[in-house]
Amino acid sequence: MKLLTVALLVIVAAMVVKTYLLSFRFQSPQDYADTGPQFVLNKHLSGEILSEGIIYGPNGKMANSFVAKMVGEWDGDTGTLSEEFTYSNGTTQSRKWYLTLGPDNTFTATADDLVGAAQGTISGSTVQLHYQIVLPESAGGHVLKATDWMYLTADGAIMNKSEMRKFGLKVAELVATMRPVQGTTQ
């Protein structure tokens, strides 16, 4: 019986380590400091961008997919990123981010559906962003804690992965690509 108890404790400890130390949300901007190409926010989020993605629900199944047309515009250290989403379930959504570059590769971002300001860090070929988002009433109006990571690839595409959590539990995940539309500023 003691051996079974010890084995069970080892399994539980391994699950805790995997969940809390070896997972998406515990990567750090410093992990990517020496990676390239260098992500330059006001360059790579500028002009027309096409994004395509999938949203997964809490059970890991695809809940929705989307295509988004984005336009990034900058004036010095401040910019906007306008987004027009069309979801596979037929709904549409318009969002607009207001971005401000800060010191030491940091930035802040606000949008109408955020609680307070998002805090971002640029490091090597990546961007990390933490914020609280308020879901539309049609989706329950919940406030979720979000962690976004964007990874710049050598050909200029951006891979985006986001996790949304409530009470520490993952309730949604988004995976998307973002590509500059040919002939626009990048």
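Residues numbered from 1 in each chain as written. Predicted model: local features only at pLDDT ≥ 70, side-chain atom pairs only at ≥ 80, totals over all residues. Heavy atoms only, no water.

Participant: So what exactly am I meant to see when it comes to the pattern of salt bridges here?
Facilitator: Between side chains of opposite charge, a pair can form as their charged atoms come close. Under the counting rule described, the total for this entry stands at 7 salt bridges. Two residues, Asp155 and Arg179, come together in a salt bridge whose shortest N-O distance is 3.7 Å. Here the residue Asp155 occupies a position in the loop between strand S8 (143–152) and strand S9 (158–166), and Arg179 occupies one in strand S10 (residues 169–180), the gap between them amounting to 24 residues. Residue Glu173 is joined to Lys170 by a salt bridge in which the shortest nitrogen-to-oxygen separation is 3.4 Å. Classification of Lys170 by relative accessible area gives partly exposed; the value is 37%. Through salt bridges with shared partners, a single ionic network connects Lys161, Glu163, Arg165, Lys170 and Glu173. (Salt bridge = Lys/Arg side-chain N within 4 Å of Asp/Glu carboxyl O. Helix = DSSP H or I, 4+ residues; strand = E, 2+ residues; numbered from the N terminus. Buried < 20%, exposed > 50% of the residue type's maximum accessible area, 1.4 Å probe, protein only.)

Participant: Looking at this structure, I do not really get the layout of surface pockets. What am I missing?
Facilitator: Any space left empty among the atoms is revealed by the rolling of a water-sized probe across them. Estimates place the volume of the largest pocket at around 1100 Å³. In terms of lining residues, the largest pocket is bounded by 44 residues, among which Ile55, Tyr87, Gln93, Ile133 and Leu174 are the most central. At the level of elements, strand S1 (47–56), strand S2 (62–75), strand S3 (78–87), strand S4 (92–101), strand S7 (126–134), S8, S9 and S10 are the ones that each hand at least two residues to the lining of the largest pocket. In the lining of the largest pocket, the residues fall into 29 nonpolar, 11 polar and 4 charged. (1 Å grid on protein atoms, 1.4 Å probe; cavity = no way out; pocket = protein on both sides within 12 Å on 5 of 7 lines; lining within 4 Å. Points joined across faces, edges and corners; volume = space filled by probe spheres on them. Nonpolar A, V, L, I, M, F, W, Y, C, P; charged D, E, K, R; others polar.)

Participant: Got a minute to help me understand the sheet that holds S1 in this structure?
Facilitator: Strand order in the closed barrel made by the 10 strands is S1-S2-S3-S4-S5-S6-S7-S8-S9-S10, with antiparallel pairing throughout. Here the average twist between neighbouring strands, direction ignored, is 25 degrees. Sheet analysis places S9 next to S10, joined by 9 bridges and oriented antiparallel. When the bridges of S10 are listed, Arg165 appears paired with Lys170. (Pairing = 2+ DSSP bridges. Axes fitted to C-alpha atoms, helices over the stretch in contact; angles between N-to-C directions.)

Participant: Would you explain the side chain of Gln128 in this entry?
Facilitator: Relative to the elements of secondary structure, Gln128 occurs in strand S7. Given a relative accessible area of 9%, Gln128 falls into the buried group. A distance of 3.2 Å separates the side chain of Gln128 from the side chain of His130, its partner in a polar contact. Sequence-distant contacts of Gln128, defined by excluding residues within four places in its chain, comprise Gln27, Pro29, Phe107, Gln119, Gly120, Thr121, Asp148 and Trp149. (Polar contact = N/O pair within 3.5 Å; in protein donor to acceptor, adjacent residues only side chain to side chain. Contact = heavy atoms within 4.5 Å.)

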